[in-house]
Each structure stands twice: as structure tokens, then as C-alpha cells.
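# Commentary on secondary and tertiary structure
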Amino acid sequence: MYFLVIAILNQLPQLAVFGRGASIMPLAFVLLVTAAKDAYEDYGRHRSDKIENGRLACVLVGDKFRQVRWKDIRVGEIIKLSANETLPCDMVLLSTSDSTGVAYVQTMNLDGESNLKTRYAKQETQMKNPENEKISGLIKCDKPNRNIYGFQANMDVDGKHISLGPSNIILRGCELKNTDWAVGVAVYAGRETKAMLNNSGAPSKRSRLETRMNREIIFLSLFLVALCMVVSVCHGVWLRRHKDELDLMQFYRKKDYSDEEIEDYKYYGWGMEIFFVFLMSVIVFQIMIPISLYISMELVRLGQAFFMTRDNRMYDEASNSRFQCRALNINEDLGQIKYVFSDKTGTLTENKMEFQCASIGGIDYSSGKASVEYEQTGNLDRGGRLIFWPKMKVKVDLDLLNIVKGNHTGEGGLVHDFFLALAACNTIVPLPVETPDPAVKLIDYQGESPDEQALVYAAAAYGFMLVERTSGYIVIDIQGERRRFNVLGLHEFDSDRKRMSVILGCPDETIKVFVKGADTSMFSVIDRSLNLDMLKATEAHLHTYSSIGLRTLVIGMRKLSSSEFEEWQSAYESASTALMGRAAMLRRVANDVEHHLTILGASGIEDKLQQGVPEAIECLRTAGIKVWVLTGDKQETAISIGYSSKLLTSKMTQIVINNNSRDSCRKSLQDAILVSKKLVSHSDATSGGSGDSQLALIIDGTSLVYILDSELENELFELACNCSVILCCRVAPLQKAGIVALIKSRTDDMTLAIGDGANDVSMIQMADVGIGISGQEGRQAVMASDFAMGQFRFLVTLLLVHGHWNYQRMSYMILYNFYRNAVFVLLLFWYVLFTSFTLTTAITDWSSVLYSVIYTSVPTIIVGVLDKNLSRTSLLKHPQLYGAGQRQESYNGKLFWATMLDTLWQSIAAFFVPLLAYWKSDVDTSSLGDLWTLAIVSMVNIHLAMDVHRWYWITHAAVWGSIIATFVCVMVIDLLPFLPGYWAFFHVAKTELFWVCFLGIIIGALLPRFVFKVFVQYCLHNDVQILREAEKFGNFRDTQIEMNHIVGPSHR
């Protein structure tokens, strides 16, 4: 828009400062670059869309299935899929090749999860064949929405009112697996599918550096207006002083004497002349607003992203995933992070669960007598021919295994029910896998939750092997005997209840409800009057498991009478068919049956730390970054992981806040603040004011309920500022986002959030920088993130290396662009002062236009992409160097004003050296203009060369090639007879004075800067300069270098 306005103004005859063709050049260049970029992206999208929309699917047309293109599928049409085909729309299952109506789908294209999911066709439609009999019905469902995990609908078929839920719909992009065919009806198609509605890309964010840069641009805009005002006012004064001479004054000539009748020649009066001069000044000084800087920044960020994604040190071999840069406009923010908010499960840990121990009936089975009892877990099929083995080995406790093999009364009965609950209370799908031995098959358990997979494998290891699952029943092989259990109801896990339950019709015709969940939610529904000693023993075992870092679940059950079951079934059917408030109604129905449970026991599952996590956290803390861990796990589990990850140390003083009311939270916070102030004061006295308090705050989600969004937020923030580590336990997804918002709203420090699951999305989007881990919980976090990586440890390389480089490069590039544009504008301004304020320029139109487009643009882009002020080794060995970005050492107000002062001096030197040298000579303005053009371009490129830290062949080519290209362009322009200044360069370049002035401008302009750089290097050096010197002289490894403190202010 800026270039467009300038180009339009220059087309007016009264304002035509430049040639009309030349004035279009900047606009044409910007549009050309933008058009080329957009055309490339649009072509890729068009080609991808054409391929996607042109794919074929079988749609029922008349009484036969015919091939129809995806883009022609409409809502209400019946579609048939074969195995391994991808769904073209969101469809409700009507029937499948499985007699029970089960279909297996893979949702990797939708959420990245490779495990198979089960979807079910309703029995009322399972037996119908659309090719033989007409199917008619009505489906009432939600409006199109982005929730890929929710679906509520009702279907009326043959006079029956049937409820539909998430288990009955398959979404576009899913693949049909292990199912020969499936038939369904399209409910959302085209752009209304959930996959398309979620295809919004990464969130748009603006970097902190760019925001501060815009503030400086506003100042430059005001400075531009001031220059134009000075020129226009001075021009008005000049017109007043020479009003009697204007009629015949050369080059101005107010009167036109070419005809007999004398007229005013292009003179519009004193006021309009001032106004026109103001607009002409805007045109001449237009590059004071560095619009080309935005294009340069985009190109530099693109280059930086290329090298970040190609960094093999951030390549994860386990998942075969490289670093992804999903948001190109915040690369430099990676070098200024002060707070890191991290999820625990799947982010710090592997999220690959392994069953370790169990407490059953109040007895702890976690002794050292464990071995891999693989031979005892194989089971024969009904024909006695095939042997089934669990695919994954699990360590078993020998004492517990012997009890399982014994009778099922007393203690054995509790153990039997415990493992039956593990095998049945889940949504796991058992899949047989072929082996080289045709008589042996492996059972692979596929499911959405790694915890459930670990528990089912554990049950199989103890002889309770889940071998079949349908929509109506499951088959469990119990010690070699297959038993069928009817699944009468299933309440899936939700974040409010924090538990799940299944109602089974057992072979002995009893009805049992099995429930598993977090201890906080389970103990509230356990019947404490049944066996208080067992309950207390289980609680003690849970505390022990949590203290060693295990994830725990509590298992309970109770028998249902026929009347209780009928009452539940009636309420469940009513709730499941409701279109409004279905989730809340189902939650109430679940709560009505999940009470007065008999406790069976608890499980302990290990989630191991990822490789390099302790070292990464220690490195980040050394760099002055505060690491907060926000997890939904128990406090004991989180603390244990905190110690193993080196987030917590034995030297730290822990402040724990666990409260159940606002008043108690207020008192705890006030007491904690007093303690923290005393410890900080003591730490300052003993460590010389370093500010490293060695305080750790541990707070749970219940306390945060009363603190967040209340007046207690300020007290929590004050306490957090005094702590070096924050550990939040039992927090909900929205609480994670609330904690990030607490810091963002009260400080200017940069925040980063990193997580791997859907529960981390709100936190990732709230932070200044969001990073998704490509982990076991799908790609929800990745899709919502700005950057994505495979392991937490890569964060060190990303921040301390690439973040430092990106921030330093972009900061310098912005200041350099301000300098190179301002020095050219000031040169033009000085010239205007000596030409009666008439806006004539000695520099040709084309040189003025090409100055920021060709003459000086390439070097700054190359340096912005490739320059490195320190090596990777130095940055990783001394994490304290990261503090330069946190303290904004590379871009701040002082540096901006220092740059402007240097710019002012260089413009004065560049203008007045040739002016004084050629004073009273007969040199023409075109020759002076060529001298100024060549000198300015050489000066700004040498200025850049003085600041380059690391030279590559392409850097040399860009810097010195730009100077050579400028000489070539000036000569070509002066060779064209139809342009002003024909042959000017070749006349003036033959004289010695020209080259003396050329060298004099460069030396005179850059000498003060060179002297100042030498002075700073030897007298005011900082950590970065010390390390650069150590690298240069090769004694890096042998030199002990004192770093600035990571918390306190810089002492250099």
C-alpha cells in the first residue's frame, strides 16, 4: 500500500520527481516477489486439491454402487469402502463385513495416532443390504464443527429411535483397516467435514522483535514527516525571498514567454507550491520507511527455517521425524525465552508405559522376585491348534502369578477380579498378528491410551488375555479357558470424572461394574465401611508407587442387582439419545452407578524419562530460563520425576501448597511469600546478590481453582518470581493456559510452552512460542504449535544455538536496514538544502530505486541467514551466553539511537567530502550523483563487512559482488543516451579527484565506527566477545571464562 501511494503520487505531473517508469519499480518488485511466492504456494495447493478431489469412491446410485469423485459426494448418500481405503467424508456406519458391526480404522492422517480404533454399526442397520433393499431414515446431528472427538446424533430407521455417538462415525481421512468392507451414510461432506474445519494451519503470531521494530518505524515515520516539513517550510521561505525573481529565474521560470500572450508556467501559487513540495519530499525520501525490510525479514526467516529443519542434531531416529518450523515469523523469539512451561507425560517422559507392580487386596506385589514368564502366557484356541502370545513381554511377580493360578476364592477372588478389570475395563482392540510359525500368533493390543495398553498386556501376562472385542461382547482367555462377557454398558474416561467404567454380563449371569481411575476420584466412590484396613494399605502403597515416579490407577467394582441395572439402562438410553446436553446427562448416569465400590487394588506403571531430559533441564536453568512443569499426575509422582529430571535438587527448599478453600490458599500464599523473601535475602547475602534462591514451589490443581482469575493471582505471581522451579500437579488443560497467561500478563518476559497431547493445546497457543512434541498421543499438539520436534532434549539446541543465532542475526539486520536507508535519505536531504529546496536530485532515478532493491539488499539477507557470532560448541558449553537475548543486548533503544547518530555522521561525511572537493568546479550534478551512489553503496557494504563474524564464499560474493554490480549498473545507466547523465561516469572517473573523494568518503565515514569498535573490543568487552576471541586464538578449550550471572544484571 505504501509503495502504491508513492507510485500514484509520482504519476501526477505536479509531483513527478522520478521518471514514471522508475517510480513503478519498487511496487513492481514487491508485487513480483509476492506474486511469485503466492503463485508457487497456490499451484501446490491447486495440484494437491485436484488430486484429492479427483479420487474415486463407491456411492450408491439407484440400486448399485458406482465410482464417484470425492468432490461430487453429497450429504445423505450411502458410501461403500473396502479395506485400506481412505474415507472421502464423515460418515455414520450402517454395516460392516463383521457380523457384529465392528470396523477398525486408523486415524493417523487426522491426529497422527497409529493405533487402530474401533467403530461400530448399530445392530438395527447391520443386517441391511442397500443393494437389495432400500434404506430410508432420518439423521439429526450437530452442526458442522471442529471437535474430532465429539459427535451427537439420533437416527430414525424403521420406526426406531437410535442414538449415535463418536463410536458410530468415521471421519474423513481415516483408513479402513482389518475390515473387508464398510457401508455408511455421509453426514458431513466437503468443507464441512471435521478434518477440513480443523485445517486452519498454525496460529498467527508476531515476534517480539518485530513489535519493537514497528515502534522504531513509527519514529522514523515522524522523522520523515519532519524532514518533509523542514523542506516545504524552507521552500516557502525561499519563494517569499525570491518572489520578484521567479518570473525569469533559470530552471524555475514562473512566466511563459513562448506565446504572444504571457501566462504563468506551472506555477500554482505560494500555498500549493509548499504543499506540492511536501508531497515531493515524501516521494524523494520514501525509503526512510524500510518497507523492503519486511520482505528481507521473510526471506531471512525462510533461510533460517531451512537450516533449522535440516539440523541433524534435532532429528529423532525413533519416530523418524525432523524439526518442523510451522510459523516462520517468530524465529528470533527463540533467542529471548525466559519461561518454559512443559507438560510431563510424553514430553519429559517417553509415554511408553510398562506395568511394574500392583497392590491387590491391601497386599503389595512389588517385591524383587520378578521374571519374564513368557512361556506361561501362551494359550490355545478353541480347536487346540493355534497358540496365542501377547506381543509385548511384561515382567510378572512370581508370588502373584502363583495366586492367579490357584483358586478364585478369598485372596484369589480379589486377584481374579482385579485382572479381569484390567482386561475388560478399556477400549483396547486385540489384533492377531502372523508369525513365521503358522501354529503361533501374536496378539497386538491397539488403543488410544498407552496406559490401557500396558494394563491389558499385564493382564495377559498373568493369564487374562483379551482375545476378541465386538460392540456387544468381549472374549477373555482366563488361564486357557475362553469366556464371553457381554458388554452391557461403557462409560469412557472424561476429565471431569477422571475414571471410566464398564458393565459386564458375566458367564455366571451376574452383572458387575468395573471402574478404574485416578485415586482422587476413586476414593470418593469407594465404600469405606467394607474394609478400612485394605483401603489404608492401598493408600500407603499408592504413596510409595508415586514417590518412585510411577503412574497409579485405582481399581474397584461392585455387583448390580437386576433392578439397579434396569434403572441404569433406562437412564442411559434416555441420556444417550439426547441431542442437547448429552455429555452432562451421561456423566450423571455414570455417577449414579459408580458408587459404593469395593476396592480391588491399584496398579503402578512406569513412564521412563526421555533420553537427555535431566541434562537439558539443567542446561536450560543454567541459561537463566525458568522451567515450570505442569502435569495432571499426582503430586508424589511429579516430585519424583522432578528429582530424576534434575528439575528439583536436594539443595532446594520446597514450598507446597495444597488447599481446598480460598481462605486457606490466601494464608498459604502469604506464609510462603514471607518464607521466600527470607530465603532470597539469605541467598543474596551468601552468594553476593546473585538472586538464585533455590526455591521450588509445588502447587496442585485444586489450589489453582481458587487462585486463578481472582485477587490471589498477584500473590501467586509474587511468590513465583522468588522461586527458581515451579511444579504444578493435577492441573486441567485450561489451568495450564491460565498459568501461562498469569506470567504473560504481568511481565514482558518471553514464554514458551511445550507439550505432546490434546490437553496441552490451550497452553501451547497461549504462550509466545508453542512447541509440539511428535509423541504417542497424536498430532493435536503439533497441529496447534509454532514448531514441532521429536524429543524434549532438542529444546537445548533450538534455543541456545538456533535461537541465539536467529535473534542476533535479525536484530543486526533490522538496525542495519534502518542505517542503510537513513544514510541515503539524509544524503538526499543535505543536497536539497543546497538546491533551493526544489527536490532535484543528483542521483539518477534508477539508482535511487535500485539502491534498496539490488545495490544493498542481497548482502544483508545472506548475513541474516548465515552469520554466526559464536560456534555451536561455545554456545552449548556456556549456556549463560543465552542471556544476551533475554537482556536484549542485540536490539534496544540505546543501540537504535547510537545507530542513528552513526548514520548522521556518515551521511555528513559522504555529502560534504565531495561537495568541498568540487566546490567552485565545473563538475555536473550527474557526475557528483554517480560519485555519491558508488561511495554510499561501497560504504554501507563495507560497514556490513566490518560486522560480519563468519565469512563464507557466498558472503564474499554477496558483499563485494554488490559493490561490483553497482559499478556495472551505474556505467550501464550512463551509457543510455535517453537518460540524464549520459557518459557522466566515464568523464569524471578519469580524474584522480574522483577516486580520492571515493576513498575519502569511505574512510572519513567509517573511521569513527572502526575506532569505537576497537575501543569496545578491548575495554568494554562482553561475554560474547570474550568467547569469540577464545575461538579465534584457538585456546577455547583451555581457557576458563567468567560468565555474567544468569539472573543478575550484566556487570560488563
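Remember, predicted model here, so these are calculated numbers, not experimental data.

Assigned secondary structure in the protein chain consists of 34 helices and 38 strands. Per-residue burial for the protein chain yields a buried fraction of 54% across its 1052 residues. For the protein chain, restricting intrachain contacts to residue pairs at least 6 apart in sequence, the fraction spanning at least 24 positions comes to 72%. When the accessible area of the protein chain is evaluated, it comes to approximately 46,100 Å², of which 56% is carbon and sulfur surface.

Mapped onto the fold, Leu-93 is located in strand E4 (residues 90-96). According to the relative accessible area criterion, Leu-93 is buried, its value standing at 1%. The spatial distance from the C-alpha of Leu-93 to the C-alpha of Val-185 is 6.7 Å, given a sequence separation of 92 residues. Setting aside residues no more than four positions away along its own chain, Leu-93 makes contact with Ala-103, Arg-119, Tyr-120, Ala-121, Lys-122, Thr-125, Asn-168, Ile-170, Ala-182, Val-183 and Gly-184.

With that out of the way, let us pick up the side chain of Arg-820. Looking at where Arg-820 falls in the secondary structure, it is placed in helix H24 (residues 794-833). Of the side chains with opposite charge, Asp-947 lies nearest to the buried Arg-820, which makes no salt bridge, at 13 Å. Engagement of the side chain of Arg-820 in a polar contact is seen with the side chain of Asn-821, the distance being 3.4 Å. Leaving out residues up to four positions away in the same chain, Arg-820 has contacts with Ser-292, Tyr-851, Ser-852, Thr-856, Ser-857, Thr-860 and Val-940.

For helix H34 (residues 1023-1032), every residue scored as buried is listed here: Asp-1023, Val-1024, Gln-1025, Leu-1027 and Ala-1030. Considering only its buried residues, H34 is in contact with H24, helix H27 (872-877) and helix H33 (992-1019).

With that out of the way, let us pick up the sheet that holds strand E34 (residues 695-700). Within a sheet, adjacent strands bond to each other through the backbone by hydrogen bonds, running parallel or antiparallel. Read from one edge to the other, the open sheet built from nine strands follows the order E15-E38-E37-E36-E16-E32-E35-E34-E33, with strand pairing classed as mixed. Lying at the two open borders of the sheet, with one neighbouring strand each, are strand E15 (324-325) and strand E33 (653-657). For E33 and E34, the ladder comprises five bridges, and the chain directions are parallel. Within E34, the position partnered with Gln-654 by the bridge is Ala-696. Across the face of the sheet, helix H17 (residues 635-644) comes into contact with E33, E34 and strand E35 (725-729) while running at roughly 150° to E35.

This part is about the pairing of strand E29 (residues 511-517). The element E29 is largely enclosed, with a buried count of seven among its seven residues. Alternating residues of E29 divide into Ile-511, Val-513, Val-515 and Gly-517 and Lys-512, Phe-514 and Lys-516, and every residue in both groups is buried. Across seven bridges, strand E28 (residues 499-505) lies against E29 in antiparallel orientation. Across the sheet, Arg-499 pairs through a bridge with Gly-517, a residue of E29. A loop of five residues connects E28 with E29, the two strands running antiparallel in sequence, and Glu-509 in this loop sits at a positive phi of about 70°.

With that settled, the discussion passes to the packing of aromatic side chains. A complete count under the given rule lists 39 aromatic pairs for this structure. Pairing Phe-994 with Trp-995 gives two aromatic rings, centres 4.9 Å apart and planes at 90°, and the pair type is edge-to-face. On the basis of relative accessibility, which here comes to 0%, the residue Phe-994 falls in the buried class. Take Trp-995: its relative accessible area is 36%, and that puts it in the partly exposed class. Feature note: the residues Phe-285, Phe-829, Trp-830, Tyr-831, Phe-834, Phe-911, Phe-912 and Trp-932 constitute an aromatic cluster, connected by ring pairs. When the ring centre of Trp-181 is taken as origin, the NZ or CZ atom of Lys-80, which lies over that ring, is 5.5 Å away. The residue whose ring lies beneath Arg-484 is Tyr-473, and the NZ or CZ to ring-centre distance is 3.8 Å.

Next up on the list: the packing of H24 against helix H26 (residues 857-866). With their axes 9 Å apart at the nearest point, H24 and H26 run at an angle of 165° to one another. On the basis of their axis angle, the class for H24 and H26 is roughly antiparallel. In this structure, H24 meets H26 at a crossing whose hand is right-handed. In this structure, H24 uses Arg-809, Met-813, Tyr-816, Asn-817 and Arg-820 to contact H26, whose residues at the interface are Ser-857, Thr-860, Val-863, Gly-864, Val-865 and Leu-866. Of the residues in the contact of H24 with H26, the class split is five nonpolar, four polar and two charged.

Right, let's get into the sheet that holds strand E26 (residues 473-478). With antiparallel pairing, the nine strands of this open sheet are ordered in space as E18-E17-E31-E30-E29-E28-E27-E26-E25. With partners counted over all chains shown, the strands left at the sheet margins are strand E18 (363-365) and strand E25 (464-469), one partner each. Looking at each pair of strands side by side, their axes are set apart by 30° on average, direction ignored. Across the sheet, helix H14 (residues 562-576) is in contact with strand E27 (481-491), E28, E29 and strand E30 (550-560); its angle to E27 comes to roughly 50°.

Together, Leu-999, Ile-1003, Leu-1007, Phe-1010, Val-1011, Val-1014 and Tyr-1018 give the surface a local cluster of nonpolar side chains, amounting to about 720 Å² of exposed area. Here Leu-999 lies in helix H33.

Rules behind the numbers
In this convention, every chain numbers its residues from 1, walking through the sequence in written order. Since the coordinates come from a predicted model, pLDDT governs what is reported: local features require at least 70, and pairs of side-chain atoms require 80 or more to be given and counted, while whole-chain, interface and lining totals use all residues. Just so you know, side-chain values use all the structure's heavy atoms and leave hydrogens and water out. Only DSSP runs of H or I covering at least 4 residues are called helices, and only runs of E covering at least 2 are called strands; the numbering of each starts at the N terminus. Relative accessible area decides the class of each residue, using a 1.4 Å probe on protein chains only: under 20% of the type maximum gives buried, over 50% gives exposed, and in between gives partly exposed. Contact between two residues is taken to exist if any of their heavy atoms lie within 4.5 Å; hydrogens are not considered. Throughout, the Shrake-Rupley method with a 1.4 Å probe supplies accessible areas, and for residues the shown protein chains are the sole cover considered. Charged-residue counts in this description rest on Lys and Arg as positive and Asp and Glu as negative, His and the chain ends being excluded. Salt bridge, as used here, is a side-chain nitrogen of Lys or Arg placed within 4 Å of a carboxyl oxygen of Asp or Glu. Polar contacts, as used here, are pairs of N or O atoms within 3.5 Å; protein pairs need one atom able to donate a hydrogen and one able to accept it. Residues neighboring in sequence count only if both atoms are side-chain atoms. The rule for pairing is simple: two strands pair if DSSP sees at least two bridges between them. Throughout, an axis means a line fitted to C-alpha atoms (over the contacting stretch in the case of helices), and angles, computed between N-to-C directions, take values from 0 to 180 degrees. Side-chain rings of Phe, Tyr and Trp (the six-membered ring for Trp) are treated as a pair once their centres are within 6.5 Å; stacked means planes under 30 degrees apart, edge-to-face means over 60, and tilted covers the remaining angles. Criterion for a charge above a ring: Arg CZ or Lys NZ at most 6 Å from the ring centre, at most 35 degrees from the ring normal. Orientation categories follow fixed angle ranges, with anything under 35 degrees roughly parallel, anything over 145 roughly antiparallel, 65 to 115 roughly perpendicular, and all other angles oblique. Should the near helix be turned counterclockwise from the far one by less than a right angle, the crossing is left-handed, whereas a clockwise turn marks it as right-handed. Residue polarity is assigned by list, with Asp, Glu, Lys and Arg as charged and Ala, Val, Leu, Ile, Met, Phe, Trp, Tyr, Cys and Pro as nonpolar; anything else, Gly included, falls into the polar class. For patch building, the residue pool is restricted to those with more than 30% relative accessible area and no salt bridge; the joining distance is 9 Å between like charges and 5 Å between nonpolar side chains (Val, Leu, Ile, Met, Phe, Trp, Tyr).

Everything listed is a geometric property; what it means functionally is a separate question.
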